Amino acid sequence: MLTRFRIFYFLLIYFGLRIFSFYFQPTTPLNHSPHPLNTVLAIAIVATTAYLLCRKNILGWYIVAAELILGGSGLFLQAFGITIRSLLLITGLVIYFWQTRTEILKPDKTKLIIIELLAITALGVARGIFFGNAGAQVISDAIPYLFLLYYFPLRGLIKDEAWKKWCFMALLATVLGQAIFILLTYMGFTGGLFHLQDTFYHWYRDIDAGKITLVSYNFYRLVLNEQLLLIPALLLFIYRAIAGKISAKGGSASGWKKPEYFILGLLFVLSLNLTRIYIVALFAGMLALFSRRNWKRWLAVSLGSSFTFLIIFSLLFLVSSGGKSFGLEVFGLRLQSIVTPNLEESSFSRILLLPKIFDQILEHPFLGSGLGSTVTVFSPTLKTDIGTTNYDWGYLEILAELGVIGRSVWLLFIYYAAAGQKNRPRWQIASLISLLIINLTSPAVFHVFGITFLAFLLALSSSASAEQSVAPIHNP
């Protein structure tokens, strides 16, 4: 009963943030004057967090975790043009490093690789400024790298079982909340309550950092920024369903009793997301979960998840099309466009970017063109050349901005994150593989969520290492 109430409260926060930001909006491209209440609430949350952290009260880290897990894009609340996510990052890390300044100076391999990555990032900022890249874009590209510093407090936090269970319950609520939110949004557009370019559409795009596209037959594709970790999270629940047992460690046991419910919710979200690379990453991640010991259950869960995904997608398409189509031709076209990109407009546009990106890489091969770089390409939709910061090729974007040296540091960092712990749980390996595959066509590993996930894996490795002796963060 307590678990249900806790999920209910998390759901209230999840939807409360979104409803509040809709009526009391922060700064957006269409709204240059944020609502005062939005600013006041952001300042109040940051001030409360700072007070708790200064008193070494772990409740401050509960707030930080709640914003990351439940806060979606992180744009719902802002103060003075800065998102609450960035404000909590700066506040939390400054206080943490001041309080642990003697311990933090002790050298180890993980700190060294983090320093190397942050150093190459700083060089990327300097080169971006030197080459005249837009200052706002340089800062926007650099900020996600700072989330890597969450590795340091995470080493102590993951030793606190109550904090881990609390975060797990927040994750469960986020899965349920997003499924409900996506369902309501889909019903709103297919039912004619919402329309492209209306007020809700602009809130969804500018504040919730989403994308809404009319595909065909009144079927809408709904994408959110926070769905970047959709596949890693889905693989976690699939792993638990394959394991078929309840663990007393690493989360609330009640949350593992029915992982199928959360798999269903995430598959529903994926059926309306329809990002091709996500589907490829899910397939690869499920292969990584294969075990000869549980191969029958792996096969049952894998096939069951695949068929469930197709059934959900087909039913949604059938309803939106008024019974005219199951949408299999649309789904088949999206999969076919992976190997034949000119069949689909967005895939073709991504291919058109490649020659321009390679030209940019060859221009500055060793250190790159700096963060905030743009690439100009002909748009088949607008019939004109456009400049964009969205390279749509994750590893090539790293190479273009940070050069061969920067990408080498990145590859070393990823290798260390993967191999830093012996006998790493299979779901972690599968989730990391899926993230690396998503990074082929998306800025996954250097996105806020991607870097935070990598910092989490590093912290788990640190916790599992006998060489580390980081004390848990607790109340004074």
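### As for the nonpolar core
Line of reasoning, step 1. Within the largest apolar cluster, 132 residues are counted, with the highest numbers of intra-cluster contacts made by Trp163 and Trp410.
Line of reasoning, step 2. Of all the elements, helix α9 (residues 161-190) adds the most residues to this core, at 14 residues.
Line of reasoning, step 3. Excluding residues that lie within four positions of it along the chain, Trp163 makes contacts with Ile58, Trp61, Tyr62, Ala65, Leu154, Leu157 and Ile158.

### Points about the environment of Pro443
Line of reasoning, step 1. Tracing the chain through its elements places Pro443 in the loop between α19 (426-438) and α20 (448-464).
Line of reasoning, step 2. Between the C-alpha atoms of Pro443 and Glu397, which are 46 residues apart in sequence, the distance is 7.9 Å.

### Section: the packing of helix α2 (residues 36-54) against helix α4 (residues 84-99)
Line of reasoning, step 1. Remark: α2 packs on α4, axes separated minimally by 10 Å, with the N-to-C direction vectors making an angle of 15 degrees. With respect to α4, the element α2 is oriented roughly parallel. Remark: the crossing between α2 and α4 carries right-handed chirality. Residue-level inspection shows Ala42, Ile45, Val46, Thr49, Ala50, Leu53 and Cys54 of α2 in contact with α4, the latter providing Ile84, Leu87, Leu88, Thr91, Gly92, Ile95 and Gln99.
Line of reasoning, step 2. Split into classes, the residues belonging to the contact of α2 with α4 amount to ten nonpolar, four polar and no charged.

### Let's talk about the side chain of Thr121
Line of reasoning, step 1. Of note, Thr121 is situated in helix α6 (residues 109-130).
Line of reasoning, step 2. According to the relative accessible area criterion, Thr121 is buried, its value standing at 4%.
Line of reasoning, step 3. Not counting residues up to four positions away in its chain, the partners in contact with Thr121 are Ala142, Tyr145 and Leu371.

### Focus: the packing of aromatic side chains
Line of reasoning, step 1. Scanning all chains against the criterion turns up 33 aromatic pairs.
Line of reasoning, step 2. On the basis of an interplanar angle of 55 degrees and a centroid distance of 6.2 Å, the ring pair of Phe189 and Phe200 is categorised as tilted. Taken together, the residues Phe189 in helix α9 and Phe200 in helix α10 (residues 199-206) connect sequence positions eleven residues apart. Residues Phe189 and Phe200 agree in their burial class; the two are buried.
Line of reasoning, step 3. Among the aromatic residues, those joined into a ring-pair cluster are Phe22, Tyr23, Phe76, Phe181, Phe189, Phe194, Phe200, Trp203, Tyr204 and Tyr220.
Line of reasoning, step 4. Here the basic side chain of Arg18 rests over the ring of Tyr14, its NZ or CZ set 3.5 Å away from the ring centre.

### Some thoughts on α2
Line of reasoning, step 1. Here α2 spans 27 Å end to end across 19 residues, near enough to the 27 Å set by a 1.5 Å rise per residue.
Line of reasoning, step 2. Lys56 sits one or two residues past α2 and shows a positive phi near 55 degrees.

### Some thoughts on the pairing of strand β3 (residues 210-216)
Consecutive side chains along a regular strand alternate between the two faces of the sheet.
Line of reasoning, step 1. Where β3 and strand β4 (residues 219-224) come together, six bridges link them in antiparallel fashion. Looking across to β4, one finds that Lys211 is bridged to Val223.
Line of reasoning, step 2. Connecting β3 to the antiparallel partner β4 that follows it, the hairpin turn spans two residues, and Tyr217 within it adopts a positive phi of roughly 50 degrees.

### Observations regarding a nonpolar patch on the surface
Line of reasoning, step 1. On the surface, Phe290, Trp295, Leu299, Leu303, Phe307, Leu310, Ile311 and Leu315 cluster together into a nonpolar patch covering about 740 Å² of accessible area.
Line of reasoning, step 2. Along the chain, Trp295 falls in helix α15 (residues 295-320).

### Some thoughts on empty space enclosed by the protein
Line of reasoning, step 1. Applying the stated criterion across every chain, the model contains one cavity of 30 Å³ or more.
Line of reasoning, step 2. Space inside the largest cavity adds up to approximately 30 Å³.
Line of reasoning, step 3. Lining the largest cavity we find Leu117, Tyr145, Leu148, Trp410, Phe413, Ile451 and Leu454.
Line of reasoning, step 4. Only α18 (394-419) and α20 provide two or more residues apiece to the lining of the largest cavity.

### Remarks on the packing of helix α11 (residues 230-243) against α19
Line of reasoning, step 1. As a packed pair, α11 and α19 sit with axes 9 Å apart at the nearest point and diverge in direction by 155 degrees. Taken together, the axis directions place α11 and α19 in an arrangement best described as roughly antiparallel. Classified by chirality, the crossing of α19 by α11 is right-handed. Facing Ile231, Pro232, Leu235, Leu236 and Tyr239 of α11, the residues of α19 in contact are Arg426, Trp427, Ala430, Ser431, Ser434 and Ile438.

Criteria and thresholds
- Residues numbered from 1 in each chain as written.
- Predicted model: local features only at pLDDT ≥ 70, side-chain atom pairs only at ≥ 80, totals over all residues.
- Heavy atoms only, no water.
- Core = buried A, V, L, I, M, F, W, Y, C linked by side-chain atoms within 4.5 Å.
- Buried < 20%, exposed > 50% of the residue type's maximum accessible area, 1.4 Å probe, protein only.
- Helix = DSSP H or I, 4+ residues; strand = E, 2+ residues; numbered from the N terminus.
- Contact = heavy atoms within 4.5 Å.
- Axes fitted to C-alpha atoms, helices over the stretch in contact; angles between N-to-C directions.
- Parallel < 35°, antiparallel > 145°, perpendicular 65-115°, else oblique.
- Left-handed = near helix turned anticlockwise from the far one by under 90°.
- Nonpolar A, V, L, I, M, F, W, Y, C, P; charged D, E, K, R; others polar.
- Phe/Tyr/Trp six-rings, centres within 6.5 Å; stacked < 30°, edge-to-face > 60°.
- Lys NZ or Arg CZ within 6 Å of the ring centre and 35° of its normal.
- Expected span 1.5 Å × (residues − 1).
- Pairing = 2+ DSSP bridges.
- Patch = residues over 30% accessible without salt bridge, like charges linked within 9 Å, V, L, I, M, F, W, Y side chains within 5 Å.
- Areas by Shrake-Rupley, 256 points an atom, 1.4 Å probe, with all protein chains shown as cover.
- Salt bridge = Lys/Arg side-chain N within 4 Å of Asp/Glu carboxyl O.
- 1 Å grid on protein atoms, 1.4 Å probe; cavity = no way out; pocket = protein on both sides within 12 Å on 5 of 7 lines; lining within 4 Å.
- Points joined across faces, edges and corners; volume = space filled by probe spheres on them.

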